[in-house]
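Structural description and commentary
Chain by chain, the residues run as shown.
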Number of protein chains: 2
Amino acid sequence: MNEIKLFCPASIANLNCGFDVIGLCLDTIGDEMIIRKTSEKGIKITKITGADLPFENEKNVAGVAALAMINAIEIDYGFEIEIHKKIKAGSGIGSSSASASGVVFGINQLLGKPFSDSELVEFSMQGEALASGGFHADNVAPALLGGIILIRGYNPIDYIKIATPSELVAVVLHPLIEVKTSASRAVLPNEIPLKTAITQWGNLGGLIAGFYTSDYELISRSLLDVVAEPHRKKLIPNFDQVKQTALQNGALGAGISGAGPSIFALCKGNETANKVADAMKEAYVGTSIPFDIHVSKINEEGVKII
Amino acid sequence: MNEIKLFCPASIANLNCGFDVIGLCLDTIGDEMIIRKTSEKGIKITKITGADLPFENEKNVAGVAALAMINAIEIDYGFEIEIHKKIKAGSGIGSSSASASGVVFGINQLLGKPFSDSELVEFSMQGEALASGGFHADNVAPALLGGIILIRGYNPIDYIKIATPSELVAVVLHPLIEVKTSASRAVLPNEIPLKTAITQWGNLGGLIAGFYTSDYELISRSLLDVVAEPHRKKLIPNFDQVKQTALQNGALGAGISGAGPSIFALCKGNETANKVADAMKEAYVGTSIPFDIHVSKINEEGVKII
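Residues numbered from 1 in each chain as written. Chains lettered and ligands numbered in written order. Predicted model: local features only at pLDDT ≥ 70, side-chain atom pairs only at ≥ 80, totals over all residues. Heavy atoms only, no water.

Going by the annotation in an unreviewed UniProt entry, the name recorded for chain A is Homoserine kinase, with Flavobacterium dankookense given as the source organism. Under the heading Sequence similarities (unreviewed entry), UniProt records this for chain A: "Belongs to the GHMP kinase family. Homoserine kinase subfamily." Reading the Subcellular location (unreviewed entry) entry of the UniProt record for chain A gives the comment "Cytoplasm". (UniProt positions renumbered as here; feature names shortened; annotations may be inferred.)

1. Looking at the interface of chain A and chain B
Taken residue by residue, the interface counts 35 residues in chain A and 35 residues in chain B. Here chain A and chain B share an interface that buries about 2,700 Å² over both sides, 70% of which is from carbon and sulfur atoms. The largest contributions to the chain A side of the interface with chain B come from A:R152, A:L194 and A:W201, which together make up 28% of the buried area. Linking chain A with chain B are two salt bridges. Residue A:D158 pairs with B:R221 through a salt bridge whose shortest N-O separation is 2.5 Å. For the pair chain A and chain B, the interface holds 11 residue pairs in polar contact (both at pLDDT 80 or more). Of all elements in the fold, only β5 (148–153), β6 (158–162), β8 (191–193), α6 (194–213) and α7 (216–222) of chain A reach the threshold of two or more residues within the side of chain A that touches chain B. Ranked by residue count, the leading element in the side of chain A that touches chain B is α6(A), at 14 residues. Residues that form the side of chain A that touches chain B fall into these classes: 22 nonpolar, eight polar and five charged. (Contact = heavy atoms within 4.5 Å. Buried area = accessible area lost by both parts, 1.4 Å probe. Salt bridge = Lys/Arg side-chain N within 4 Å of Asp/Glu carboxyl O. Polar contact = N/O pair within 3.5 Å; in protein donor to acceptor, adjacent residues only side chain to side chain. Helix = DSSP H or I, 4+ residues; strand = E, 2+ residues; numbered from the N terminus. Nonpolar A, V, L, I, M, F, W, Y, C, P; charged D, E, K, R; others polar.)

2. Points about the packing of aromatic side chains
Ring pairs (aromatic) are described by centroid distance and by the angle formed between their planes. According to the stated counting rule, one finds seven aromatic pairs over all chains in the structure shown. When the centroid spacing of 5.3 Å and the interplanar angle of 15° are considered together, the rings of A:Y212 and B:Y212 count as stacked. Taken together, the residues span two chains, with A:Y212 in helix α6 and B:Y212 in helix α6 (residues 194–213). For the pair A:Y212 and B:Y212, one class covers both residues: buried. The ring centre of A:Y77 lies 4.9 Å from the NZ or CZ of A:K37, which sits over that ring. (Phe/Tyr/Trp six-rings, centres within 6.5 Å; stacked < 30°, edge-to-face > 60°. Buried < 20%, exposed > 50% of the residue type's maximum accessible area, 1.4 Å probe, protein only. Lys NZ or Arg CZ within 6 Å of the ring centre and 35° of its normal.)

3. Concerning the packing of helix α1 (residues 61–70) of chain A against helix α3 (residues 117–132) of chain A
All names here are of chain A. Packing of α1 against α3 leaves a shortest axis separation of 8 Å and a crossing angle of 145°. Note on packing geometry: the crossing formed by α1 with α3 is right-handed. Each of V61, V64, A65, A68 and M69 in α1 lies in contact with α3, whose residues at this interface are L120, F123, S124, Q126, G127, L130 and A131. Residues belonging to the contact of α1 with α3 are distributed by class as follows: nine nonpolar, three polar and no charged. (Axes fitted to C-alpha atoms, helices over the stretch in contact; angles between N-to-C directions. Left-handed = near helix turned anticlockwise from the far one by under 90°.)

4. Focus on the UniProt feature "domain: GHMP kinase N-terminal" (unreviewed entry) in chain A
UniProt annotation of "domain: GHMP kinase N-terminal" (unreviewed entry) refers to residues 65–147 of chain A when read in the numbering used here. Across residues 65–147 of chain A, helical content stands at 54% and strand content at 8%; the span's end C-alpha atoms are separated by 22 Å.

5. Section: the domain arrangement of chain A
Residue and element names in this part refer to chain A. Looking at chain A, the domain boundaries give domain 1 (3–162 + 301–305) and domain 2 (168–297). Measuring from the centre of the C-alpha atoms in domain 1 to the corresponding centre in domain 2 gives 24 Å. Taken together, the 29 residues of domain 1 in the interface contact 36 residues of domain 2. Counting each side, the surface lost to burial between domain 1 and domain 2 is near 2,400 Å², with a carbon and sulfur contribution of 63%. Contact with domain 2 buries surface across domain 1, with N16, C17 and F19 losing the most and accounting together for 28% of the total. Our enumeration of links across domain 1 and domain 2 arrives at two salt bridges. D292 is the partner of K88 in a salt bridge, and the nearest nitrogen-oxygen pair spans 2.6 Å. For the pair domain 1 and domain 2, the number of links is 14 residue pairs in polar contact (both at pLDDT 80 or more). At the level of secondary structure, the elements contributing two or more residues to the side of domain 1 that touches domain 2 comprise β1 (3–13), β2 (22–38), β5 and β6. For the side of domain 1 that touches domain 2, the per-class residue count stands at 16 nonpolar, 10 polar and three charged. (Domains from an automatic or database assignment.)

6. Section: the environment of A:E32
Residues and elements named next belong to chain A. Within the secondary structure layout, E32 lies in strand β2. Residue E32 is classed as partly exposed on the basis of its relative accessible area, which comes to 23%. It is 4.8 Å that separates the C-alpha atoms of E32 and F7, two residues lying 25 residues apart in sequence. Beyond its immediate stretch of four places on either side in the chain, E32 contacts K5, L6, E82, I83, H84, K86 and I306.

7. So, unusual backbone geometry
For the bond running from B:N155 to B:P156, omega is -10°, close enough to zero to count as cis. The topology assignment puts B:P156 in the loop between β5 (148–153) and β6 (158–162). For the bond running from B:G260 to B:P261, omega is 5°, close enough to zero to count as cis. In the Ramachandran plot, A:N238 falls in the positive-phi region, its phi being about 65° despite a non-glycine side chain.

8. Digging into the packing of α6(A) against α6(B)
Between α6(A) and α6(B), the least distance of the axes is 9 Å, while the angle of their chain directions is 30°. Classified by the angle between their axes, α6(A) and α6(B) sit roughly parallel to one another. When you trace α6(A) past α6(B), the crossing you get is right-handed. Residues A:A197, A:Q200, A:W201, A:L204, A:G205, A:I208, A:A209, A:Y212 and A:T213 of α6(A) touch α6(B), and the partners they reach there are B:A197, B:Q200, B:W201, B:L204, B:G205, B:I208, B:A209, B:Y212 and B:T213. The class makeup of the residues in the contact of α6(A) with α6(B) is 12 nonpolar, six polar and no charged. (Parallel < 35°, antiparallel > 145°, perpendicular 65-115°, else oblique.)

9. Observations concerning the relation of the copies chain A and chain B
Two chain copies, one operation linking them: a rotation about an axis together with a shift along it. Each copy of the sequence occupies a distinct position, and chain A is placed on chain B by a rotation of 180° and an axial shift of 0.0 Å, giving an RMSD of 0.0 Å. What the superposition gives is, in effect, a two-fold axis relating one chain to the other. Residue by residue, 100% of the interface of chain A is reproduced at the interface of chain B, so both copies engage with the same surface. (Least-squares fit on C-alpha atoms with pLDDT ≥ 70 in both.)

10. Some remarks on helix α9 (residues 239–248) of chain A
Residue and element names in this part refer to chain A. Of all the positions in α9, only F239, V242, K243, T245 and A246 are classed as buried. The buried residues of α9 occupy an angular sector of 165° when the element is viewed end-on, so they sit on one face. As for α9, its buried residues are in contact with α8 (229–232), β9 (253–256), β10 (263–268) and α10 (270–285). Of the residues flanking the end of α9, it is G250, one or two places downstream, whose phi is positive at about 105°. (Arc of directions from axis to C-beta.)

11. Observations concerning the sheet that holds strand β7 (residues 168–175) of chain A
Residue and element names in this part refer to chain A. With respect to topology, four strands assemble into an open sheet ordered β9-β10-β7-β11, the strand pairing being antiparallel. Taken across any chain shown, the strands that pair with only one partner, and hence form the sheet edges, are β9 and β11 (291–297). In this sheet, adjacent strand axes meet at a mean angle of 15° when their direction is disregarded. Of the pairings in the sheet, the one linking β9 to β10 comprises four bridges and is antiparallel in character. Paired with I256 across the two strands is I263, which belongs to β10. (Pairing = 2+ DSSP bridges.)

In structure tokens form, the structure reads like this:
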């Protein structure tokens with residue numbers, strides 16, 4: 001195999017009570033990427049469509065992840081990369097992670113799969129770090145591996161693929177505004193009340209238990225965020241209305257996707273998800289802000305060869 | 001049925017990363033309690049052995065829980081209660097919860113089971129509150145219902161019985177010293193760094209996932225406490241040595257049971273548990289402090305009729 005074409009999925013990190021530790025993989029939103037073996041050594045980004053991104057490896061998340069990878073192995077050939085972005089940068093649904101995870105998955109395939117999943121997660125984290133300024137796996141791990149992923153901790157990276165209830169469907173509304181990750185971080189306190197932390201981890205425990213037992217009511221009761229959402233929601237116009245209308249129309253829960261501005265809802269079944277999407281759309285049409293909306297089942301596979 | 005004799009089990013609350021939200025039920029340590037229907041209305045504590053506890057209902061956790069219960073139903077008879085304490089007060093393994101959960105279970109049986117499990121948990125929380133000064137369910141719920149219980153939240157009480165891996169065995173070393181709950185609380189900070197909280201809930205997620213999948217290695221990696229243990233361990237002589245020796249001898253994890261002073265270890269299998277118990281014992285014999293030690297599988301049933 002000398003060339004591979006990939007679907008590189010978007011992902012939702014945090015999931016409310018799972019702040020910084022949970023992410024899930026989407027199925028209907030994602031970039032495309034083509035990777036080719038070349039006789040020339042090294043990595044060369046040859047084409048980028050859909051976004052104005054740098055071609056220099058060191059300034060491009062896919063470039064950084066790919067370099068990290070080929071520096072870890074001795075080969076006398078190289079790779080060229082085409083990136084066709086569909087996920088908008090700064091959307092809060094893992095645009096940079098899609099590139100970082102896609103490129104390491106693809107190169108690993110063309111190399112004959114010498115690297116383990118957890119090595120691939122680490123390489124893609126290096127790419128992601130260029131965009132986020134820190135080593136996070138809560139978007140790259142679900143994008144790479146699919147499903148719902150818990151990041152138990154780092155040093156070394158320890159991720160767990162949680163069971164996905166079969167009827168779970170995600171809705172994502174992406175208001176086309178820019179919320180800088182730095183702004184999203186700046187509003188978070190450095191310290192939180194112990195009581196608040198206990199509330200959050202009680203809910204996280206409930207969410208994980210709900211996923212394993214397909215207990216949608218428990219998932220619904222647990223999908224709360226008392227830590228980040230109270231601070232971050234003010235950066236997202238009409239957040240409260242969109243969330244409320246999602247819940248009123250049957251969503252199990254709703255919140256901020258990643259660092260925002262995207263707003264997600266989780267639903268049981270496609271019918272409810274479509275109804276929730278329509279209601280969320282209606283709640284946003286009133287604003288003058290353009291937006292995208294997506295309905296997606298959970299992608300159990302992660303990055304896919306297409 | 002006019003009389004019932006009960007085994008009222010001890011329990012371990014917190015389980016490190018599960019601070020304030022997880023508890024599990026023990027099998028080899030527990031009080032006994034006898035409850036009799038009487039033609040006289042009301043509750044009367046007629047006998048207490050093994051501890052110097054008040055006979056007045058309002059000053060006794062069993063009395064308070066029993067009163068809460070009979071005040072919620074119309075009956076023209078009453079109950080008398082014998083309490084035979086085996087679990088020492090202030091041990092950190094749910095002595096008061098054993099009394100509070102035992103009495104509500106027993107009276108419910110003699111009444112013909114009019115109350116649901118969650119109503120029983122609420123009644124027993126009222127008894128527990130007399131001892132702990134707050135409404136907590138992380139000892140009473142596992143004592144009543146058995147197994148490993150997650151308290152997702154309160155208002156209303158929301159508890160989830162988590163799957164118990166079949167080879168899980170607990171070891172508890174109880175140093176016979178008094179650690180006042182008020183002292184144990186006073187050492188905890190009101191606020192914690194957000195980063196610390198995230199570490200704790202990443203581990204809690206891993207622990208719950210480990211329980212559902214019987215992944216003992218994951219349970220082991222997750223059984224950490226970066227919130228309470230660093231502050232509370234100084235109240236427990238030789239804590240670090242006991243914990244270290246438990247881990248060196250194969251325990252999955254070890255920590256403070258409840259608010260202490262008991263130290264628990266979780267192990268895979270009886271053989272390891274007995275080895276860990278011997279090592280913990282040896283680490284404590286060097287101190288001049290007397291102690292009890294218990295090895296127990298997880299009690300899936302909770303309070304039992306004997």
